[in-house]
Amino acid sequence: TTVDEGATLTLSGSVAGGLVNNGIANIGGTVAGATTNTADLSALNATLHNITNTSGTVVLNNTSAGAVTNAADATFKATFGNFGDVQNSGTLTLISANAGNVTNTAEGNFTATGSGTLSSVNNAGTATLGENNVVNGDVTNTAGSLTLDKNTITRNLIATGGSFTVTSNGSEAGSLSG
């Protein structure tokens, strides 16, 4: 299914294949195939397969998806929900959302806050792990800047490059190396 520029799709049912959005898409159902966005996509109480946001804005609320790729100059925000591995080169915000392994590239700006859980984080850009966020694996900072603001890292904080800051709210980590 393709939504052309200037067109709008409101989906409350399901799409058996993928979705290419070049217009405005409001999803309240299921997209079984891959979703590619170049414009404005929002979803509420939806289930999506993998998402590639090549440009434009994706806003999800109480929505689950597989792997997420957010390109440079693209914006992705999810409040509640479950996601697979995340690759970010744009601006990506997770609020009380769960995700697999998160890779934030040098161009990326990543924030995770709230009661969400991440499998691991590999940062080369700008990243903030905020209040109540839990990382169940390692957090590796290879470049860029990492801010820890009252979050928990159950394994290792590995700082091999860049800088990291712990706010006055504190944070917890299993161990620190680098």
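Residues numbered from 1 in each chain as written. Predicted model: local features only at pLDDT ≥ 70, side-chain atom pairs only at ≥ 80, totals over all residues. Heavy atoms only, no water.

### Considerations on the overall build of the protein
Note the cut-off: The numbering of helices and of strands both runs from the N terminus, where a helix is a DSSP run of H or I of at least 4 residues and a strand a run of E of at least 2. The reference for a compact globule is 2.2 Å times residues^0.38; the radius of gyration itself is calculated from the C-alpha atoms. Under the scheme applied here, a residue whose accessible area is under 20% of the maximum for its type counts as buried, over 50% as exposed, and between as partly exposed, the area being computed with a 1.4 Å probe on protein chains only. We call two residues contacting when some pair of their heavy atoms lies within 4.5 Å. The method behind every accessible area is Shrake-Rupley, applied with a 1.4 Å probe, and residues are considered shielded solely by the protein chains displayed.
Scanning the protein for helices and strands turns up 0 helices and 25 strands. Here the C-alpha radius of gyration of the protein, 16 Å, is about what a compact globule of 178 residues would show, namely 16 Å. Seen through its principal axes, the protein has C-alpha atoms that stretch 50 × 25 × 25 Å. Counting over 178 residues, the protein shows a buried share of 42%. When contacts within the protein are restricted to residue pairs at least 6 apart in sequence, those whose partners lie at least 24 apart make up 1%. Element-wise, carbon and sulfur atoms account for 47% of the exposed surface of the protein, whose accessible area totals about 7500 Å².

### So, the pairing of strand E5 (residues 24-27)
Rules: Strands qualify as paired when DSSP identifies two bridges or more between them.
Side chains of E5 alternate between two faces, with Ala25 and Ile27 buried and Ile24 and Asn26 left unburied. Looking at chain direction, strand E2 (residues 8-11) and E5 are connected through 4 bridges and run parallel. From the neighbouring strand, Thr8 faces E5, where its bridge partner is Ile24.

### Some thoughts on the environment of Val3
Following the sequence through the fold, Val3 ends up in strand E1 (residues 2-3). A sequence separation of 20 residues divides Val3 from Gly23, and the C-alpha atoms of the two residues are 5.6 Å apart. Setting aside its immediate chain neighbours within four residues, Val3 contacts Thr8, Leu9, Leu19, Val20, Asn21, Asn22, Gly23 and Ile24.

### Quick look at the sheet that holds strand E6 (residues 30-31)
In a beta sheet, neighbouring strands are held together by backbone hydrogen bonds and run either parallel or antiparallel to one another. Taken in spatial order, the 3 strands of this open sheet run E3-E6-E9, and their pairing is parallel. Since the sheet does not close on itself, it has two edges, and those belong to strand E3 (14-15) and strand E9 (47-48), each with one partner. Sheet topology note: the E6/E9 ladder contains 2 bridges and is parallel. Residue pairing across strands places Thr30 opposite Thr47, the latter belonging to E9.

### So, the pattern of salt bridges
Put simply, the rule reads: Salt bridge criterion: a side-chain nitrogen from Lys or Arg within 4 Å of a carboxyl oxygen from Asp or Glu.
Across all of its chains, the model carries 2 salt bridges by this definition. Among the salt bridges present, the one from Glu131 reaches Lys150, with a minimum N-O distance of 3.6 Å. One end of the pair, Glu131, is in the loop between strand E19 (126-129) and strand E20 (134-135); the other, Lys150, is in the loop between strand E22 (145-148) and strand E23 (152-159), with 19 residues separating them in the sequence. Measuring nitrogen to oxygen at the nearest pair gives 3.8 Å for the salt bridge that ties Asp138 to Arg155. One end of the pair, Asp138, is in the loop between E20 and strand E21 (139-141); the other, Arg155, is in strand E23, with 17 residues separating them in the sequence.

### Overview of a nonpolar patch on the surface
Note the cut-off: By definition, no residue in a patch forms a salt bridge, and every one has over 30% relative accessible area; like charges are joined within 9 Å, nonpolar side chains (Val, Leu, Ile, Met, Phe, Trp, Tyr) within 5 Å.
On the surface, Phe164, Val166 and Leu176 cluster together to form a nonpolar patch covering roughly 260 Å² of accessible area. You can see Val166 is positioned in strand E24 (residues 163-166).

### Quick look at the pairing of E22
Side chains Leu146 and Leu148 of E22 all project onto a buried face; the interleaved residues Ser145 and Thr147 project onto a face where none is buried. Where E19 lies against E22, 4 bridges are found, and the strand directions are parallel. Directly across from Leu129, in E22, lies its bridge partner Leu148.

### Describing the packing of aromatic side chains
Selection rule: Pairing of aromatic rings covers Phe, Tyr and the six-membered ring of Trp, with a centre-to-centre limit of 6.5 Å; geometry is then stacked below 30 degrees between planes, edge-to-face above 60, and tilted otherwise.
Taken as a whole, this structure holds 1 aromatic pair when the rule is applied. With 6.1 Å between their ring centres and 80 degrees between their planes, Phe76 and Phe83 make a pair best called edge-to-face. What makes Phe76 buried here is its relative accessible area of 1%. Exposure remark for Phe83: the relative accessible area of 8% places this residue in the buried category.

### Focus: the sheet that holds strand E17 (residues 109-113)
Here is the rule: To obtain each axis, a line is fitted to C-alpha atoms, and for helices this fit is confined to the stretch in contact; angles are then taken between N-to-C directions over 0 to 180 degrees.
With respect to topology, 10 strands assemble into an open sheet ordered E2-E5-E8-E11-E13-E15-E17-E19-E22-E24, the strand pairing being parallel. The outermost strands of the open sheet, each flanked by one partner alone, are E2 and E24. Across the sheet, the mean angle from the axis of one strand to that of its neighbour is 5 degrees, orientation sign disregarded.

### Brief notes about unusual backbone geometry
Note on backbone geometry: most residues besides glycine have negative phi, and most peptide bonds are trans. With a phi close to 55 degrees, Asn45 is a non-glycine residue in the positive phi region. At Asn132, a position not held by glycine, the phi torsion is positive, near 70 degrees. Checked against the element boundaries, Asn132 lands in the loop between E19 and E20. Judged by its relative accessible area of 46%, Asn132 is partly exposed.

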